[in-house]
Amino acid sequence: MVEPDQPSTARMIDFWLGGEHHYPVDVAAARAFEQAYGPCAPIFRALRAFLGRAVRAIAATGVDSFLVFGAGVPTMGNAHEAVGDATVLYTDVDPVTIRLGQRILAGSDRAGYGFGDATDIGTVDPALLHRFVPGWGRRPVGVVFLGLAAFLDDETLAHTLDELYAATAPGSHLAIDFDTEELAGHPEALAMMGPAFRMRPPASFRPLLGRWTPTSDGIVPVTDWRPDGPPVRVPDAFHGAVAVRSAG
Ligand SMILES: C[S@@+](CC[C@H](N)C(=O)[O-])C[C@H]1O[C@@H](n2cnc3c(N)ncnc32)[C@H](O)[C@@H]1O
């Protein structure tokens, strides 16, 4: 694979998680960000642990296939590793990330990787969807939407989530997170995220979920979402929820 000359947030996260799928350009960007913000590894470990707890909780409702948007690098406790017997389709818009994901998953009969723009479900390859999320639209499935909300404005996010609601069968579940205003206290780090980066106060998020109903766990710091033990204490950078598509 030709070494990329631009960093990617997905591979920076892989670096912070201690993975093996990043390049010097990603490490340089991750270190520059940490200079401006502070240590990131504990925050992204906590976020990945939330992903694991969320998809396991969704699987426990009987769901056995997942569609992941803005998937990034499919390792280090990502969905198919967290739920050992489910099938998973990872999607992203970044061609370098997609190629990397396809290489990592080559030979897997349980997980695949393809293009998918979260704001337009029609961009997901129907053949891949049929293979890895066979119940799409007919049976409950899991939709993973992590690390994405910050890159979508309110209108686009609300519309996208409503389209996903309409496309999935009753009983489907959505795992979602968003960036709190934590970065506002670190202007230099915030500037590195670019002008389109969106932070949201937690109270503003519920309306964006529209018809999706959060479980009784609520919309909470990701560390506090059904913690396995005493919640890990990290800066409160991400809130998350699991939400359900009701019957009918
Ligand atoms: C911050 S990374 C998160 C990666 C992964 N979810 C994780 O938690 O490690 C955001 C990812 O979303 C992708 N992305 C950005 N806009 C997208 C869109 N409209 N649809 C799908 N993916 C998108 C980026 O290419 C990037 O890989």
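Heads up: the structure comes first, above all this text.
Computed from a predicted structure; not experimentally measured.

1. Remarks on the packing of aromatic side chains
Phase 1 of the analysis: For the structure on display, the rule yields 10 aromatic pairs.
Phase 2 of the analysis: Judged by centre distance (5.1 Å) and plane angle (10°), the rings of W16 and F44 are stacked. With W16 in helix α1 (residues 9–16) and F44 in helix α3 (residues 41–59), the pair connects residues that are 28 residues apart, well separated along the chain. Each member of the pair W16 and F44 is classed as buried.
Phase 3 of the analysis: Ring centres 6.3 Å apart and planes at 70° place the aromatic pair F151 and F197 in the edge-to-face group. Pair noted here: F151 is in the loop between β4 (142–145) and α7 (154–167) and F197 is in the loop between α8 (187–192) and α9 (206–209), with a separation of 46 residues, a long-range link.
Phase 4 of the analysis: With a relative accessible area of 10%, F197 lands in the buried category.
Phase 5 of the analysis: An aromatic cluster is built from W16, F33, Y37, F44 and F238, whose rings are joined through pairwise contacts.
Phase 6 of the analysis: The ring of Y165 carries R245 above its face, with NZ or CZ at 4.4 Å from the centroid.

2. Section: the pattern of salt bridges
Phase 1 of the analysis: Under the defined criterion, the tally for this structure stands at six salt bridges.
Phase 2 of the analysis: With its nearest N and O atoms 2.6 Å apart, the salt bridge here joins R11 to D26. Placement of R11 in helix α1 and of D26 in helix α2 (residues 24–37) is noted, with a sequence separation of 15 residues between them.
Phase 3 of the analysis: Given the relative accessible area of 0%, D26 is considered buried.

Calculation rules
- Per chain, residue numbering runs from 1 following the sequence as it is written.
- Local features in a predicted model are, by the rule used here, given only for residues with pLDDT of at least 70; side-chain atom pairs are given and counted only at 80 or more, and totals for whole chains, interfaces and linings are based on all residues.
- Water and hydrogen atoms play no part in the side-chain values, which are based on all heavy atoms of the structure.
- Planes of paired rings set the category: under 30 degrees apart is stacked, over 60 is edge-to-face and the rest tilted, where pairs are Phe, Tyr or Trp rings (Trp by its six-membered ring) whose centres lie within 6.5 Å.
- Here a strand is any run of E in DSSP of at least two residues, a helix any run of H or I of at least four, and the numbering for each starts at the N terminus.
- Each residue is assigned to one of three classes by its accessible area relative to the maximum for its type, calculated with a 1.4 Å probe on protein chains only: buried under 20%, partly exposed between the two thresholds, exposed over 50%.
- To sit over a ring, a charge needs its Lys NZ or Arg CZ within 6 Å of the ring centre and within 35 degrees of the ring normal.
- Take a side-chain nitrogen of Lys or Arg and a carboxyl oxygen of Asp or Glu: if they are within 4 Å of each other, that pair is a salt bridge.

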